[in-house]
Amino acid sequence: MNVSRLLSLVAGFGLMASISAFALPKASDIYPKMGLGYNIGNTMEVPNDPTNWGNIVPNKTIIDGIKAAGFNTIRIPCAWYTHSTNGVIDETWLKTVKDVIDLAIANDMYVMLNSHWDNGWLEDNVFDGAHIDRNGQNSTTDAKAIAELQGKFWTQIANYFKSYDEHLIFASANEPGVNDHRGSGAAYTDNGQLGFGADRMNILKDYHEACLKAVRATGGNNETRTVIVQVPRTEHDKADLLSAQYPEDPAGAGYTMAEFHYYPYQLAFMPADESWGKVYYYWEDQTTGADAAHTCSGSATGSKSDIEKTFSKMQKLFSDKGIPVVIGEMGIAGHYTLSGSDLEMHQKARAAWYGYTVATAKKHGLVPVVWDTGFEGTFAKDENGSINVNNFTIIRRQAAYGSDLGSVVDKQVMNAMVTQFAAAEEYTPAQKIEVKEGDKALWVTYNTKISTASETGTVRLNFNGGVDWSQYTAISFQLRTEPVSVIGCVGDSTKGCNGYAWTSVDAFGMSTAASSWSDFHLGAMEDFKSVLNTVTIKLVDADGDKADGLKFKDKSKVTAFGINIYATQLQGTMYLDNIVLIKADGTCDTLQSFDADLPDTDGIAKAQLIDANADGTGPEFVAGIKAVAAVNSKMFVNVQQGYVNATFTAAKAGEASAKLINGLGQVIASQNFTAHAGANTVQLTTGYRGAAMLLVKQGSQKFMQKVILK
């Protein structure tokens, strides 16, 4: 406990710490103390009156109960716009918010205070100029005016809480851009919504910077108070946009955190089965066993592998760069139309998911903050008597429960989170890679043909006669890949693409024992971009599980090791360096540092040696993709439930075809038609839901675009 914190306790319930003459701790110093986080949802963010959705304004009993349950951080989703007149926040409302903050800080908890949806004054307006609003009306947004209002609000908030210490954290927004408007035309490129690209990220960056500048300008502890900034829509697949255009902080580096939300739809929100997919009641091994269709596992969104991949990505983009990450909201709702053993297994599955998710978050340097609505739903019975079954609720917060306020409603979920979070390994920041003068690294470029056939780029180290790896337990190397262009599937959309445009990064090994071959999938090229990654793979013995790593029938006679990138229509690069073998005691032997020798390459891979560096960068890869990109840009896609409209410009009249292809490479809808010179529109009807590729061909022209079918 620091001096200002101690003085605030002595001063009494007001808890106003004296202004420190020293800077507050950096965000990376605060993160390890934040622990499990809890959202006081559907309360302080409710427009006009926090009790309108059934919850009471949090009192001491509720806040004490949240602390006692095992949470050490509280997120307060908060409305300001509906409590203001001409941009001036009502003083009484500020005092109400202060009372809740004080109760949390009295429990030595951290508080994240944000600007929530609040009638969408900011979230609906992360763009500039004319548009169609979410009510279907023509509207115009002045992004400059929104940024000014953002700064005005945060100036008042920051001044009011200026003297609070590091336990109070500000958050610029909630889910900026999540309430995007739907329509047709060039702007609606993101599943029928307004596209969220670099241009809109630049506007969101202005909004975040308006908050940061306003807070810093108020002085005192606000000069270095931690402020959280959100990725677009708080969707992890748009986190690269925030990473590339990260807001500038007048305080300098180290005083911000990044935020995203994690709700796997089929597991979290989906109310019932649809024609395109099933609702998930069960998770991984917590399943009835006879109902695989309703079990979230494998690579499904919300599965173990998806959680690991998503959280690892956020670690690489932010945590490893000294920017802690907050999962500002996460959770899965209860499906209490189930009964008997199905309900019992569903409850076990939810608890297992929560426990695994918060533990994985801790491992990757993320603060998990569970969403809690306060609404409890109905009751059910089990063999132990009456239990309350709820939607997202963990802590009781509704007035109807009187003396039971603050109690834990969902003990199964709470116990799983507390237990597994405590047992989880601590996040260890990535060590800065040291490069000595004269060190070399391998730089590989990949360039496929424009075709639908899969091609491979191979980098291979050959060991004539075989070498003995029996003393080693793992192999490690530094890797960065960049899909400069995957035709029809560019940038973030690399993952999940179908057989017409995808990438797969795999490590492989060979031994002389019965020509043993082992291939271990690492991910897509997009998973290893942005930062130089240290990849470690277990070396598994003959009786081990191949899913754990590279499996060898005989590790004493290894004849080759390498990296394969499987792809179609790829143009990209790879940086590879410092391949080392790791012994059981942790000591290492260098296998290849590329300071002098080139490995063998096959297929679409071309290698050269470059100067090693800590960023994994190399010569700019230049390829003839501009003409293709220009053609692709002429097709505009509008996705509606049950059908897809594609508008494109044909150079001349002639026969044309349109196809929708799913992730397995199957054609799920097709149409042959006659195109005329100029603008054409074709419609495909399908009951399929999920990611697919739309392919339109007309003469020598080919248009490709990833779509999300609804």
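Residues numbered from 1 in each chain as written. Predicted model: local features only at pLDDT ≥ 70, side-chain atom pairs only at ≥ 80, totals over all residues. Heavy atoms only, no water.

1. Here we look at the overall build of the chain
Here comes step 1: For the chain, the helix and strand inventory stands at twelve helices and 35 strands.
Here comes step 2: Among the 710 residues that make up the chain, the fraction classed as buried is 56%.
Here comes step 3: In the chain, once contacts between residues fewer than 6 apart in sequence are set aside, the share between residues at least 24 apart is 72%. (Helix = DSSP H or I, 4+ residues; strand = E, 2+ residues; numbered from the N terminus. Buried < 20%, exposed > 50% of the residue type's maximum accessible area, 1.4 Å probe, protein only. Contact = heavy atoms within 4.5 Å.)

2. Focus: the environment of Ala-560
Here comes step 1: Structurally, Ala-560 is set in strand S24 (residues 558-567).
Here comes step 2: The class of Ala-560 is buried, set by a relative accessible area of 2%.
Here comes step 3: The spatial distance from the C-alpha of Ala-560 to the C-alpha of Val-467 is 9.0 Å, given a sequence separation of 93 residues.

3. Thoughts on the confidence of the model for the chain
Here comes step 1: Per-residue pLDDT for the chain has a mean of 84; in total, 86% of the residues score no lower than 70.
Here comes step 2: For the stretch residues 488-500, pLDDT sits under 50, and the model shows 40 contacts to residues farther than four places along the chain or on other chains. (pLDDT = per-residue confidence, 0-100.)

4. Digging into the environment of Thr-681
Here comes step 1: Summarising the element assignment, Thr-681 is placed in strand S33 (residues 678-685).
Here comes step 2: When its relative accessible area of 55% is taken as the criterion, Thr-681 is described as exposed.
Here comes step 3: Sequence separation between Thr-681 and Ala-646 is 35 residues, and the spatial gap between their C-alpha atoms is 5.5 Å.
Here comes step 4: In this structure, Thr-681 is in contact with Ala-646 and Thr-647, ignoring residues within four places of it in sequence.

5. A look at the nonpolar core
As a rule of thumb, soluble globular proteins bury nonpolar side chains together.
Here comes step 1: Core analysis: the largest hydrophobic core is formed by 97 residues, its most contacted members being Phe-71, Leu-113 and Phe-318.
Here comes step 2: In terms of residue count, helix H6 (residues 198-217) provides more of this core than any other element does, nine residues in total.
Here comes step 3: By size, the runner-up hydrophobic cluster in this structure holds 35 residues, among which are Val-505, Leu-539, Leu-570 and Leu-576. (Core = buried A, V, L, I, M, F, W, Y, C linked by side-chain atoms within 4.5 Å.)

6. Here's the deal with the environment of Ala-567
Here comes step 1: On the secondary structure map, Ala-567 appears in strand S24.
Here comes step 2: Considered as a pair, Ala-567 and Tyr-446 are 121 residues apart in the sequence and their alpha carbons are 9.4 Å apart.

7. Structural notes on the sheet that holds strand S13 (residues 325-330)
Here comes step 1: Strand order in the closed barrel formed by eight strands is S1-S2-S5-S8-S9-S10-S13-S14, with parallel pairing between adjacent strands. Within the sheet, the average angular offset between the axes of one strand and its neighbour, ignoring direction, is 30°.
Here comes step 2: On the sheet, helix H4 (residues 91-106) packs against strand S2 (73-76), strand S5 (110-114) and strand S8 (168-171) and is oriented at approximately 155° with respect to S5.
Here comes step 3: Docked against the sheet, helix H9 (residues 304-317) engages strand S10 (256-262), S13 and strand S14 (366-370), running at close to 160° with respect to S10. (Pairing = 2+ DSSP bridges. Axes fitted to C-alpha atoms, helices over the stretch in contact; angles between N-to-C directions.)

8. Digging into H9
Here comes step 1: Taking 1.5 Å as the rise per residue, H9 with 14 residues should run 20 Å; its terminal C-alpha atoms sit 20 Å apart, in good agreement.
Here comes step 2: For H9, every residue scored as buried is listed here: Asp-306, Ile-307, Thr-310, Phe-311, Ser-312, Lys-313, Met-314, Gln-315, Lys-316 and Leu-317. (Expected span 1.5 Å × (residues − 1).)

9. A closer look at the sheet that holds strand S18 (residues 455-467)
Here comes step 1: Pairing is antiparallel across the open sheet formed by five strands, whose spatial order is S21-S20-S24-S18-S27. For this open sheet the edge positions go to strand S21 (516-523) and strand S27 (600-603), each flanked by a neighbour on one side alone. Put simply, the sheet's adjacent strands are angled 20° from each other on average, direction ignored.
Here comes step 2: With nine bridges connecting them, strand S20 (residues 503-511) and S24 associate as antiparallel partners. For Phe-508, the partnering residue across the bridge sits in S24 and is Gly-562.

10. Regarding the packing of H9 against helix H10 (residues 340-363)
Here comes step 1: Their axes nearest at 9 Å, the elements H9 and H10 cross at an angle of 25°. Regarding the angle of H9 to H10, the classification is roughly parallel. By crossing handedness, the relation of H9 to H10 is classed as right-handed. Packed against H9, whose contacting residues are Lys-304, Ile-307, Glu-308, Phe-311 and Gln-315, the element H10 presents Trp-353, Tyr-356, Thr-357, Thr-360, Ala-361 and Lys-363 at the interface.
Here comes step 2: Residue classes in the contact of H9 with H10 are distributed as five nonpolar, three polar and three charged. (Parallel < 35°, antiparallel > 145°, perpendicular 65-115°, else oblique. Left-handed = near helix turned anticlockwise from the far one by under 90°. Nonpolar A, V, L, I, M, F, W, Y, C, P; charged D, E, K, R; others polar.)

11. Let's talk about the pattern of salt bridges
Here comes step 1: Taken as a whole and assessed by the stated rule, the structure comprises 27 salt bridges.
Here comes step 2: The salt bridge involving Glu-329 is made with Arg-75; its shortest N-O contact spans 3.0 Å. In this pair, Glu-329 is assigned in strand S13 and Arg-75 in strand S2, connecting sequence segments 254 residues apart. Each member of the pair, Glu-329 as well as Arg-75, carries the same accessibility label: buried.
Here comes step 3: Residues Lys-238 and Asp-237 are paired through a salt bridge, measuring 3.7 Å at the closest nitrogen-oxygen approach. (Salt bridge = Lys/Arg side-chain N within 4 Å of Asp/Glu carboxyl O.)

12. Re unusual backbone geometry
Here comes step 1: Positive phi, normally seen in glycine, also occurs at Asp-118, with a value near 55°.
Here comes step 2: Positionally, Asp-118 belongs in the loop between S5 and strand S6 (129-132).
Here comes step 3: According to the relative accessible area criterion, Asp-118 is buried, its value standing at 1%.
Here comes step 4: One non-glycine residue, Thr-234, lies in positive phi territory at about 50°.

13. Regarding the packing of aromatic side chains
Here comes step 1: Tallied over the entire structure, the rule returns 23 aromatic pairs.
Here comes step 2: Three or more aromatic residues link up through ring pairs in this structure, and these residues are Phe-260, Tyr-262, Phe-311, Trp-353 and Tyr-354.
Here comes step 3: Of note, Arg-225 hangs over the ring of Phe-170, and the distance from its end group to the ring centre comes to 5.3 Å.
Here comes step 4: One Lys or Arg, Lys-362, reaches over the ring of Phe-421 and ends 4.9 Å from the middle of that ring. (Phe/Tyr/Trp six-rings, centres within 6.5 Å; stacked < 30°, edge-to-face > 60°. Lys NZ or Arg CZ within 6 Å of the ring centre and 35° of its normal.)

14. Some words on H6
Here comes step 1: An ideal rise of 1.5 Å per residue puts 28 Å on 20 residues; H6 measures up with 28 Å between its terminal C-alpha atoms.
Here comes step 2: Across the 20 residues that make up H6, a large majority, 14, are buried.
Here comes step 3: Gly-219 occupies a position one or two residues after H6 and carries a positive phi of about 75°.

15. Focus on the side chain of Asp-372
Here comes step 1: Assignment of secondary structure puts Asp-372 in the loop between S14 and strand S15 (379-382).
Here comes step 2: Taking relative accessible area as the criterion, Asp-372 reaches 0% and is therefore assigned buried.
Here comes step 3: A distance of 2.7 Å separates the side chain of Asp-372 from the backbone nitrogen of Ile-394, its partner in a polar contact.
Here comes step 4: Once you skip the residues sitting within four places of it in the chain, Asp-372 turns out to touch Tyr-38, Asn-39, Ile-40, Gly-41, Phe-392, Thr-393, Ile-394, Ile-395 and Arg-397. (Polar contact = N/O pair within 3.5 Å; in protein donor to acceptor, adjacent residues only side chain to side chain.)

16. Re the packing of H10 against helix H11 (residues 411-423)
Here comes step 1: Look at H10 against H11: their axes get within 8 Å of each other, and the N-to-C directions meet at 30°. Viewed along their axes, H10 and H11 adopt a mutual orientation that is roughly parallel. Crossing angle aside, the handedness with which H10 passes H11 is right-handed. Contacts between H10 and H11 involve Gln-347, Lys-348, Arg-350, Ala-351, Ala-352, Tyr-354, Gly-355, Tyr-356, Val-358, Ala-359 and Lys-362 from the former and Gln-412, Val-413, Ala-416, Met-417, Gln-420, Phe-421 and Ala-422 from the latter.
Here comes step 2: Grouping the amino acids of the contact of H10 with H11 by side-chain chemistry returns eleven nonpolar, four polar and three charged.

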